[in-house]
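An overview of the molecular structure
Each chain is listed here by its residues.
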Amino acid sequence: MRQVLYALIPTVALHVMFFGPGVLIQIVLGVATALAAEAAALRLRGKPLPPYLLDGSAIITAVLLALCLPPLAPWWLIVSGVAFAILLAKHLFGGLGANPFNPAMVGYAVLLVSFPARLLQWLPPNVAGFEPASLSFVETLTTILTGMPPERFTWDAITSPTPLDALRTDLALGMTMGEAHANAMFSAFGGKGWEWINLATLAGGGWLLALRIIRWQIPVAMLTALFVCASVMSAADPGAYAGPLFHLTSGASMLGAFFIATDPVSAATSERGKLIYGAGIGVLTYIIRTWGGYPDGVAFAVLIMNLTVPLIDRYTIPRIYGHAR
Amino acid sequence: MATSGTRGGLRLNAHKERSTTQALRAASPVEKLVLPLDQHAGAPAVPLVKPGERILRGQPIAQPGGTVSAWLHSPTSGTVAAIEPRPAPHRLGASTLSIVVANDGRDERHAGPAPSPFDQLAPEQLRELIARGGIVGLGGAVFPTAAKLNSAAGAADVRLLINGAECEPYISCDDMLMRERARDVVFGARVLLHALAAKTCVIAIEDDTPQAAAALEAAIADAHDERIQLRRVPSIYPAGGEKQLITAIFDVEVPSGGLPADVNTVCLNVGTAAAVASWIRDSQPLTSRIVTITGDGVLEQRNLDVALGTPLAALIYDCGGYTGRMSRLIMGGSMMGQALPHDDMPVIKATNCVIAASALDLQPRAAEMPCIRCGNCAVACPAILLPQQLHWYAKARDLDALETYGLMDCIECGCCDYVCPSQIPLAERFRDMKPALAERLAARTNASAARVRFEARSARLERIESERLAALAKKRQELAKKPS
């Protein structure tokens, strides 16, 4: 599981480049909470600490959730989200290997439902065309720990919705794609900053594929389904629906495809099952993004497909050697 | 059933070169030989000799105890020292009734049947003769060869597959046999072709045994027998598994629960073919076999031609003794072999390899962690099972699900264990669960047989009753017609 963490390094690096050091603080807070919660749960369950605590799974949960939160989100968001993920979504179901839902996504969903406003407060990317308020490391840390921005700024001055969120709001207000796209946060095919982060995640995911730590079925099926849905809808009405490249390079598309949906514990297990599972996540992500009320759809798409895993597994048993086709 | 070739499997480090550098030689004779009566598959053999009786090399000392059973011959001349329970490797050290032969060192030979050209015998006579040689499958299953031949003979277009694909790491006895006795293998194949009235024979070997391939090619050319063909398969464990090899060579799958005979194939090990040759050509019954002695825990790693009944301890002594690094004694290869509690047990017909393993050979298993459903096992499984699901249902002892997910199709090759990142001994778990499921399947078969019987009886009773009624009605009619 260590390689999964290494594969996230490009994503984190670009995150820091575009949105400042906040994500690093979120990761540290998340990992510390994850290890503490994991240790407490193992102690309560009478399990040995060393092999379980250091298997990396709790750390990955924390890092994935940290990457999903706004960089300046107050400390108690990541702490409560990770604690919920580890204690309730993982250990209450039996711990490593027994959780039916992806713990990181359960944590994210709980936070999104409980504190929607806080989760929408993203930052503008640090690219040409923007003059984002640049916070020093100390200011970033203070903001996260106190929940208040530095005195020289207001929240409105330093935050910005994500491109996915902005597009959804604008389209809901009756704008066409063209009008919405006039916003400086959009680039030729994606959102500034976000497209690079997604490409970095794609690179990390490709590395995991090459190492055979993950298999191709889920990411390919999910991204293909997302691509097909977005292509069909934007071809039908280009004024009302974003194109496929925007969807592939926005929000948590790549993170979801390579790092979240591929969590083996909560995913379907046969080759055919993985294709169905991944495609389901792709379709649901598109539906929730386009017609739902949330800024991104990956988390809920993953959780809904987690629910279907026992059913998928049951109907996709491969033909065993020596059995009739 | 058409297939898309074999699936799964692993490329493993073979560890064979270490035991194949030295030429084959006979193991040093020992004073006492222990011959378990149940060392073959099927019913135990029944002793023909009594303690104190003098016997000769090659003399039958036990006869088959059933239709699926085998003859047993004395590997040397001497006296029957005892017939008593002795620890046996196939019982993992538990005792089983054995004939103990005291070697007199004179090696006097029993006058066996006079050799006659095998192609002048009828196939069924030849099969009976093969049974007399005590020959069983030397690939590890020790199924009586004549019984296998009898069950397949008579089928139209039966084909012979001689298995020289010795896929399991560490074992090199077949490789050595093919290098040094390729002619015996080819002669044996010709005998078996005649015994089966078969028209074609494939000798299959792995593509990493070039010396064996060259020797076999030369032997086939010398035999001028166009029915015999040499084929290579990729050395991906378990390529030499019977089902996997049949699929690789003939592109058919052995049906679930079926036998190679169901796809018109008889599969026999190269060692078995060579044993058939020694018996039919030279009147030497099966009283010795080639054994690989290997592992970092023994001084000299090599192959020996060993008289059956020789204690494992004597073999180790013959190879210079244990090294200081010796930690575990294994019979078989590193994937499917079984750990033995001690070395005071004899070589039997099934003993292909003895590994004196050090910690370098077989690392102790790390602590087992929970399954994370990564699916590596499903990719490696040559039987196309989902071991991660089987594991889940084996834990729950859910026999219905185990049946659905194909537990009985597991060939226990151990590929799933090998790739498991959580160090779960999957194959062992599956092996443990099989008897419970087998019992239930047998009960169901019995129940359905009983139902068929019951339905047949009901139908018969109904028929008798309706016939009776019909007869009665007829009689009444006749009575009614009669003027009273």
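Residues numbered from 1 in each chain as written. Chains lettered and ligands numbered in written order. Predicted model: local features only at pLDDT ≥ 70, side-chain atom pairs only at ≥ 80, totals over all residues. Heavy atoms only, no water.

Each helix and strand counted, chain A has 18 helices and 0 strands in total. Relative to a compact globule of 325 residues, whose C-alpha radius of gyration would be 20 Å, chain A shows 20 Å and is just as compact. For chain A, the spread of C-alpha atoms along the three principal axes comes to 65 × 50 × 35 Å. Looking at chain A as a whole, 55% of its 325 residues are labelled buried. For chain A, the share of sequence-separated contacts (at least 6 apart) that also reach a separation of at least 24 residues comes to 74%. Here chain A displays about 13400 Å² of accessible surface, and carbon together with sulfur accounts for 70% of that area. The distance from the centre of the 17 positive side-chain charges to the centre of the 15 negative ones in chain A is 17 Å. (Helix = DSSP H or I, 4+ residues; strand = E, 2+ residues; numbered from the N terminus. Rg over C-alpha atoms; globule rule 2.2 N^0.38 Å. Buried < 20%, exposed > 50% of the residue type's maximum accessible area, 1.4 Å probe, protein only. Contact = heavy atoms within 4.5 Å. Areas by Shrake-Rupley, 256 points an atom, 1.4 Å probe, with all protein chains shown as cover. Lys, Arg positive; Asp, Glu negative; His and termini not counted. Charge placed at Lys NZ, Arg CZ, Asp CG, Glu CD.)

Tallying secondary structure elements over chain B gives 13 helices and 17 strands in all. Along the longest, intermediate and shortest principal axes, the C-alpha atoms of chain B span 110 × 65 × 50 Å. Partitioning the contacts of chain B with sequence separation of at least 6, the portion at a separation of at least 24 is 73%. In the form shown here, chain B has an accessible surface area of approximately 21400 Å², with 53% of it arising from carbon and sulfur atoms. Averaging the coordinates of the 52 positive side-chain charges in chain B and doing the same for the 52 negative ones gives two points 8 Å apart.

Moving on to the sheet that holds strand β15 (residues 328–331) of chain B. All names here are of chain B. Reading across the sheet, the 6 strands line up as β1-β14-β13-β17-β15-β16 and stay open at both edges, with mixed pairing between neighbours. Looking at strand neighbours, the two that pair on one side only are β1 (25–26) and β16 (338–340), the edges of this open sheet. Relative to strand β14 (residues 302–307), strand β13 (residues 288–294) is paired through 6 bridges, and the arrangement is antiparallel. Bridge pairing links threonine 292 to asparagine 303 in β14. Across the face of the sheet, helix α3 (residues 173–180) comes into contact with β13 and β14 while running at roughly 125° to β13. (Pairing = 2+ DSSP bridges. Axes fitted to C-alpha atoms, helices over the stretch in contact; angles between N-to-C directions.)

In this section: the confidence of the model for chain B. Of the residues in chain B, 99% have a pLDDT of 70 or more, and the chain-wide mean is 91. The complex prediction reports pTM at 0.84, with the ipTM value standing at 0.84. (pLDDT = per-residue confidence, 0-100.)

On to helix α13 (residues 194–210) of chain A. Residues and elements named next belong to chain A. Relative to the 24 Å expected for 17 residues at 1.5 Å per residue, α13 spans 24 Å between its end C-alpha atoms, a close match to the ideal helical length. Those residues of α13 that sit buried are Trp194, Glu195, Ile197, Asn198, Ala200, Thr201, Gly204, Gly205 and Leu208. Looking one or two residues past α13, arginine 212 carries a phi angle of roughly 60°, positive in sign. (Expected span 1.5 Å × (residues − 1).)

This part covers the domain arrangement of chain B. Residue and element names in this part refer to chain B. Assigned domains within chain B: domain 1 (17–106 + 120–289) and domain 2 (371–484). Centre-to-centre separation of domain 1 and domain 2, based on C-alpha positions: 33 Å. Counting residues at the interface gives 6 residues for domain 1 and 5 residues for domain 2. One can count 2 residue pairs in polar contact (both at pLDDT 80 or more) joining domain 1 with domain 2. The residue inventory of the side of domain 1 that touches domain 2, partitioned by class, reads 2 nonpolar, 3 polar and 1 charged. (Domains from an automatic or database assignment. Polar contact = N/O pair within 3.5 Å; in protein donor to acceptor, adjacent residues only side chain to side chain. Nonpolar A, V, L, I, M, F, W, Y, C, P; charged D, E, K, R; others polar.)

To continue, consider unusual backbone geometry. All names here are of chain B. A cis amide bond links tyrosine 237 to the next residue, proline 238, at an omega of -5°. At valine 142, a residue that is not glycine, the phi angle is positive and equals roughly 45°. Its location among the elements puts valine 142 in the loop between α1 (123–132) and α2 (145–152). Using a relative accessible area of 8% as the deciding quantity, one classes valine 142 as buried. The backbone of isoleucine 384 shows a phi angle near 60°, a positive value even though the residue is not glycine.

With that settled, the discussion passes to the sheet that holds strand β11 (residues 228–233) of chain B. Residue and element names in this part refer to chain B. Read across the sheet, 4 strands follow the order β11-β10-β9-β12 without closing on themselves; strand pairing throughout is parallel. Single-partner strands in this sheet number two, and they are β11 and β12 (265–269). Adjacent strand axes in the sheet meet at a mean angle of 25° when their direction is disregarded. Strand direction decides the pairing type here: strand β9 (residues 159–164) and strand β10 (residues 201–206), joined by 5 bridges, are parallel. What sits directly across from isoleucine 162, in β10, is isoleucine 203. Across the sheet, helix α4 (residues 182–196) touches β9, β10, β11 and β12, and the angle it forms with β9 is around 155°.

Before going further, it helps to examine the pairing of strand β7 (residues 78–87) of chain B. Residue and element names in this part refer to chain B. As defined by bridge partners, strand β4 (residues 54–55) adjoins β7 across 2 bridges and the pair is classed as antiparallel. Opposite arginine 54, over in β7, you have threonine 79 as the bridge partner. As defined by bridge partners, β7 adjoins strand β8 (residues 95–103) across 9 bridges and the pair is classed as antiparallel. By the bridge assignment for β8, proline 85 is matched with leucine 97.

Let us look at the pairing of strand β2 (residues 32–36) of chain B. All names here are of chain B. Of all the 5 residues making up β2, 4 are buried; the element is thus mostly covered by neighbouring parts of the structure. With 5 bridges joining them, β2 and β8 adopt antiparallel strand pairing. From the neighbouring strand, leucine 35 faces β8, where its bridge partner is isoleucine 99.

Residue and element names in this part refer to chain A. Looking at where alanine 221 falls in the secondary structure, it is placed in helix α14 (residues 217–236). Among the residues examined, alanine 221 registers a relative accessible area of 10% and is labelled buried. Distance from alanine 221 to glycine 282, taken between C-alpha atoms, is 7.4 Å for residues 61 residues apart in sequence. Once you skip the residues sitting within four places of it in the chain, alanine 221 turns out to touch Leu275, Gly278 and Ala279.

This paragraph deals with the interface of chain B and chain A. Chain B puts 31 residues into the contact, and the matching count from chain A is 26 residues. Of the roughly 2400 Å² buried between chain B and chain A on both sides combined, carbon and sulfur atoms contribute 56%. When the area that chain B buries against chain A is broken down by residue, the three leading residues are Met369(B), Ile372(B) and Arg373(B), summing to 26%. Linking chain B with chain A are 2 salt bridges, by the criterion used here. The closest approach of N and O atoms between Arg373(B) and Asp313(A), which form a salt bridge, is 3.3 Å. Our count for the chain B to chain A interface comes out at 15 residue pairs in polar contact (both at pLDDT 80 or more). Secondary-structure elements contributing two or more residues to the side of chain B that touches chain A are α6 (242–250), α9 (376–380) and α10 (387–395) of chain B. Of the residues assigned to the side of chain B that touches chain A, the class counts are 17 nonpolar, 10 polar and 4 charged. (Buried area = accessible area lost by both parts, 1.4 Å probe. Salt bridge = Lys/Arg side-chain N within 4 Å of Asp/Glu carboxyl O.)

Now for the packing of helix α3 (residues 22–44) of chain A against helix α5 (residues 57–68) of chain A. Residue and element names in this part refer to chain A. α5 packs onto α3 with a crossing angle of 145° between their chain directions and a minimal axis gap of 8 Å. Relative to α5, α3 is oriented so that their crossing is right-handed. In this structure, α3 contributes Val23, Gln26, Ile27, Gly30, Val31, Ala34, Leu35 and Glu38 to the contact, and α5 contributes Ala58, Ile59, Ala62, Val63, Ala66 and Leu67. (Left-handed = near helix turned anticlockwise from the far one by under 90°.)

Another aspect to go through is the side chain of Ser283(B). All names here are of chain B. For serine 283, the location among the structural elements is in the loop between α7 (270–282) and β13. A relative accessible area of 11% means that serine 283 is categorised as buried. In this structure, serine 283 is in contact with Arg109, Pro113, Ala114, Pro115 and Ser278, ignoring residues within four places of it in sequence.

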